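# Commentary on secondary and tertiary structure
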Amino acid sequence: MDQRRPLIAGNWKMNGLVADGVALAEALVERSRRHPGLPPDAAAEVPPDVPAALPCDVLVCPPFTLVDRVLQTVSGTKIAVGGQDCHAEASGARTGDVSAEMLKDLGCRYVIVGHSERRADHGEDDRTVRLKAEAALRAGLIAIVCVGETEAERDAGQTEAVVARQIAGSVPAAATPETVVVAYEPVWAIGTGKTATPAEAQAVHARIRAELNALLGSDAAARMRILYGGSVKPGNAAELLGQPDIDGALVGGASLKAEDFWGIVGAAK
Ligand code: PEP
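Residues numbered from 1 in each chain as written. Predicted model: local features only at pLDDT ≥ 70, side-chain atom pairs only at ≥ 80, totals over all residues. Heavy atoms only, no water.

## Structural notes on the overall build of the protein chain
Formally: Under the DSSP-based scheme used, a helix requires at least four consecutive residues in state H or I and a strand at least two consecutive residues in state E, with every element numbered from the N terminus. Each radius of gyration is computed over the set of C-alpha atoms, and the globule rule expresses the reference value as 2.2 Å times the number of residues to the power 0.38. For the exposure calls, accessible area comes from a 1.4 Å probe over protein chains only, and a residue counts as buried if that area is under 20% of its type's maximum, exposed if over 50%, partly exposed in between. In this description, contact between two residues means that some pair of their heavy atoms is separated by no more than 4.5 Å. Residue exposure ignores everything except the shown protein chains as possible cover, and the areas themselves are Shrake-Rupley values with a 1.4 Å probe. Positive charges are assigned to Lys and Arg, negative charges to Asp and Glu, while His and the chain termini are left out of the count. Charged groups are reduced to one reference atom each: NZ for lysine, CZ for arginine, CG for aspartic acid, CD for glutamic acid.
Looking only at helices and strands, the protein chain features 11 helices and eight strands. For the protein chain, the C-alpha radius of gyration of 18 Å lies close to 18 Å, the compact-globule estimate for 269 residues. Each of the three principal axes of the protein chain carries a C-alpha extent, and together these read 55 × 45 × 35 Å. A buried classification covers 51% of the 269 residues belonging to the protein chain. Here the analysis covers contacts within the protein chain between residues at least 6 apart in sequence; of these, 72% occur between residues at least 24 apart. Total accessible area computed for the protein chain in this model is approximately 11,700 Å², and 53% of it derives from carbon and sulfur atoms. Each charge sign in the protein chain was given a centre, from 27 positive and 35 negative side chains, and these centres are 2 Å apart.

## Remarks on the sheet that holds strand E7 (residues 226-229)
Which entries qualify depends on this criterion: When DSSP finds two or more bridges between two strands, those strands count as paired. What counts as an axis is a line fitted to C-alpha atoms, over the stretch in contact for a helix, and the angles between N-to-C directions run from 0 to 180 degrees.
With parallel pairing, the eight strands of this closed barrel are ordered in space as E1-E2-E3-E4-E5-E6-E7-E8. On average, each strand axis in the sheet is tilted by 25 degrees relative to the strand beside it, whichever way the strands run. With four bridges connecting them, strand E4 (residues 110-113) and strand E5 (residues 142-147) associate as parallel partners. The residue of E5 that forms the bridge with Val113 is Val145. Packed on one face of the sheet, helix H8 (residues 198-216) meets E5, strand E6 (180-184) and E7 and runs near 145 degrees to E7.

## Observations concerning the pairing of strand E2 (residues 57-61)
To keep it simple, the criterion reads: Here is how to tell: hold the view so the strands point away, follow the path from the first strand over the helix to the second, and if it runs clockwise the crossover is right-handed.
The element E2 is largely enclosed, with a buried count of four among its five residues. Sheet analysis places strand E1 (residues 7-11) next to E2, joined by five bridges and oriented parallel. Across the sheet, residue Gly10 finds its bridge partner in E2, namely Val60. Sheet topology places E2 next to strand E3 (residues 79-83); three bridges connect them, and they run parallel. Residue pairing across strands places Val60 opposite Val81, the latter belonging to E3. Chirality of the crossover, the property in question, places the unit of E2, helix H2 (residues 64-74) and E3 among those that are right-handed.

## Remarks on the site of the ligand
What counts is decided by this rule: Put simply, a residue is near a molecule or strand once any heavy atom of it comes within 4 Å of that molecule or strand. Under this definition, polar contacts are N or O atom pairs within 3.5 Å; protein pairs additionally need one hydrogen-donor-capable and one acceptor-capable atom, and for neighbouring residues in sequence, both atoms have to be side-chain atoms. Residues are grouped as follows: Ala, Val, Leu, Ile, Met, Phe, Trp, Tyr, Cys and Pro are nonpolar; Asp, Glu, Lys and Arg are charged; all remaining types, including Gly, are polar.
Lys13, His115, Glu185, Gly191 and Ser231 are the nearest of the 14 residues found near the ligand. In this structure, an oxygen atom belonging to the ligand sits 2.8 Å away from a side-chain N or O atom of His115. Look at the ligand: alone it shows 290 Å² of surface, and the protein chains cover 95% of it. For the shell around the ligand, the per-class residue count stands at four nonpolar, eight polar and two charged.

## Brief notes about the state of the cysteines
Put simply, the test is: When two cysteine sulfur atoms are found within 2.5 Å, that pair is recorded as a disulfide.
Under the counting rule described, the total for this entry stands at zero disulfides. No disulfide involves Cys108; its nearest neighbouring cysteine sulfur is the one of Cys61, lying 7.8 Å away. The buried category is assigned to Cys108, whose relative accessible area is 2%.

Just geometry here; none of it tells us what the structure is for.
Here it is as structure tokens:
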């Protein structure tokens, strides 16, 4: 097995009523049952009780309202389910919030923390993100810790400094490659159709790995997965995923279409 098995994670954001979420999950299950490399016809399917080997880890993060239904739909497959956020505390007077323990209790395996939309819309700073990531670890979830610079920071030449600061402030000291995944998502590339070039993304990923090295040591840094996110599509996925320090993708818009999301899964080898 490779040192870092790729992870393709779909972030559905605030999209989908129950019927939409179940239909999308069913379409992914159907694709997950095909033998990779064989044509998409019935003969190429494996029996439902024998999950096909996937080329990478596959994760979907639906809105909270859909988590339970999607978990039921993907049950028995290799598709994992995660939350898009969690509170730092396990329980209490936190109206509207959901804890990592609650996600774990449902059957989630991952939770995204520190997505730029949470940082911008809910004022989450690095410390808040770190506390949420620590909550994920406490609950037995894998935390996907998101970092990324804004367009203004990029234009000011601050990309690497911003991302290094976010990593130092957001990644728990107890993080291991088994419990934490980092996602580099340049804010200017999210939902805009603009993507960092593979070389640009690789340079930032290498800087992130250096920062992880300083924080967690060389073994953890070498084995920790760093995903790229920002307008990843089937058409650009292979080149991005081919970079030495890009270990998967966090996918927003393209994760809402089974065909596109599975095209990205297929690009991860
Ligand atoms: C995201 O929000 O995590 C994301 C990467 O979105 P998109 O793929 O739509 O740019």
